[in-house]
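Given next are the chains, with one letter for each unit.
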Amino acid sequence: MDIRIAVLGGDGIGPEVTAESVKILDAIERRFDHTFSFVMGACGGRAIDEFGTPLPEETLDIVKGCDAVLFGAVGGPKWDDPQAETRPEDGILTLRKDLDLFANLRPVKVYPQLIDASPLRPERLVGVDMVIVRELTSGLYFGKPKKRWANSRGRSAVDTLTYREREVERVARVGFEIARGRRKRLHSLDKMNVLETGRLWREIVTELGVEYPDVELIHMLADNAAMQLVTNPAEFDVVVTENTFGDILSDEAAVIGGSMGMLPSASLSSIPKSNNTNRRPRRAGKRALYEPIHGSAPDIAGQGVANPIASILSTAMMLRYSFALDDEADAIESAVAAVLVDGARTPDLATQPGEAIGTSDMGDAIAGRIIG
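These numbers were taken from a predicted model, which means no experiment stands behind them.

## Notes on the overall build of the protein chain
Secondary structure assignment for the protein chain yields eleven helices and twelve strands. For 372 residues, the compact-globule formula gives about 21 Å, and the C-alpha radius of gyration of the protein chain, at 20 Å, lands near that figure. When its C-alpha atoms are laid out on the principal axes, the protein chain stretches across 60 × 50 × 45 Å. A sequence separation of at least 24 residues applies to 77% of the contacts in the protein chain between residues at least 6 apart. Taken as a whole, the protein chain presents about 15700 Å² of accessible surface, with 50% of it coming from carbon and sulfur.

Written out as structure tokens, the structure is:
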């Protein structure tokens, strides 16, 4: 299989971790006889410095000419001026909107070898394995009006929270389909007690649930879910929620496994289909983007100590969701688990002085396990 991948490293540690993902794909290429080609593009703060925009037209053309996108991270103190007309984050937001990447899948899994790295008590981590499905192209991040102004009474700002029926229905359907292929349990999170959008969300998800009688639907207020994520995380199988709640709660869930450096994500433009006999979703279509959920971590950029596992696991998701290469995705995930069993730890995971290895060494260890 000939596969063309756009690699947008971005800022901070983004280029470092995506380089390790490319290394992993080279290993997959050797073992499974595929051909991967990589096209590099500028995005984020560095693109602002070089091109005056966080997403140059050339980069967007590269993305549209490739089969999938492997993304790093954007942002940093250099570009944090609140008065700036454009910010690095505008690049990824534009990509999501232009490619209609409406569903973001964020798996949260606790590896037994990393239980000691989690701030939660070990007994709360048994059986934790969930997927958070975040709506990605609507809500507060994209609603209009979105502006700030000043007058004689002082400074003001407004962001608009808007959801339409189609936007809720399609991301909720992703949640149901993913749940159908797992433990058949879906939590839908909202704030229906105070928000009209929350009431609309709950109404639409309830109606859609009739089509999925095999999936247990549980409605939960988002603030209650925030508490349950740290007190009883094993309760959750699949979670679906709107953009802002999904952003915040998935970052909270990231610490369950010990580090944000462990959590991958996939942003999809179509609904992956599952059924009762096939636990794996079928191919979700060409337009998709894969990225670790961590940020650019400018405080450690260039030091070679970033954890590349989230980016590497995002690469496994890419093989599975964009190309239906389940065996290849399994090989990556198994290799990650194996090196953790071997004791390999980047600094964010290390619990003993002197046991940590660097970004490239972790990538080498995982690639070596794949090749065998």
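## Re helix 11 (residues 359-371)
Look at helix 11: 19 Å from first C-alpha to last across 13 residues, which is about the 18 Å you get at 1.5 Å a residue. Residues of helix 11 that are buried include every one of T359, M362, G363, I366, A367 and I370, and no others. For helix 11, the angular spread of the buried residues around the axis is 130°, confining them to a single face. Next to the buried residues of helix 11 lie helix 1 (14-32), helix 9 (309-323) and helix 10 (326-341). At the exit of helix 11 stands G372, carrying a positive phi of roughly 85°.

## Things to note about the side chain of S267
Along the chain, S267 falls in strand 11 (residues 266-268). A relative accessible area of 1% places S267 in the buried class. Within the local environment of S267, its side chain forms a polar contact with the side chain of N104, the two groups lying 3.0 Å apart.

## Quick word on the pairing of strand 4 (residues 103-109)
When you tally the buried positions in strand 4, you get five out of seven residues, the bulk of the element. Of the pairings in the sheet, the one linking strand 4 to strand 5 (residues 129-135) comprises seven bridges and is antiparallel in character. Bridge pairing links R106 to I132 in strand 5.

## Points about the pattern of salt bridges
Counted by the stated rule, this structure contains 26 salt bridges. Its salt-bridge partner being D247, residue R134 comes within 3.8 Å of it at the nearest N-O pair. Here R134 is found in strand 5, whereas its partner D247 is found in helix 8 (residues 243-254), with 113 residues between them in sequence. Given a relative accessible area of 2%, R134 falls into the buried group. Beyond isolated ion pairs, a larger network of salt bridges with shared partners links D129, R182, R183 and D237.

## Concerning the environment of L349
By the secondary structure assignment, L349 is in the loop between helix 10 and helix 11. The exposure class of L349 is buried, given its relative accessible area of 1%. Taking C-alpha positions, L349 is 10.0 Å from M260, a pair spaced 89 residues apart along the chain. Among all residues touching L349, those that are not within four sequence positions of it are L114, A117, S259, M262, N307, L340 and E355.

How each quantity is defined
- Residues numbered from 1 in each chain as written.
- Predicted model: local features only at pLDDT ≥ 70, side-chain atom pairs only at ≥ 80, totals over all residues.
- Heavy atoms only, no water.
- Helix = DSSP H or I, 4+ residues; strand = E, 2+ residues; numbered from the N terminus.
- Rg over C-alpha atoms; globule rule 2.2 N^0.38 Å.
- Contact = heavy atoms within 4.5 Å.
- Areas by Shrake-Rupley, 256 points an atom, 1.4 Å probe, with all protein chains shown as cover.
- Expected span 1.5 Å × (residues − 1).
- Buried < 20%, exposed > 50% of the residue type's maximum accessible area, 1.4 Å probe, protein only.
- Arc of directions from axis to C-beta.
- Polar contact = N/O pair within 3.5 Å; in protein donor to acceptor, adjacent residues only side chain to side chain.
- Pairing = 2+ DSSP bridges.
- Salt bridge = Lys/Arg side-chain N within 4 Å of Asp/Glu carboxyl O.

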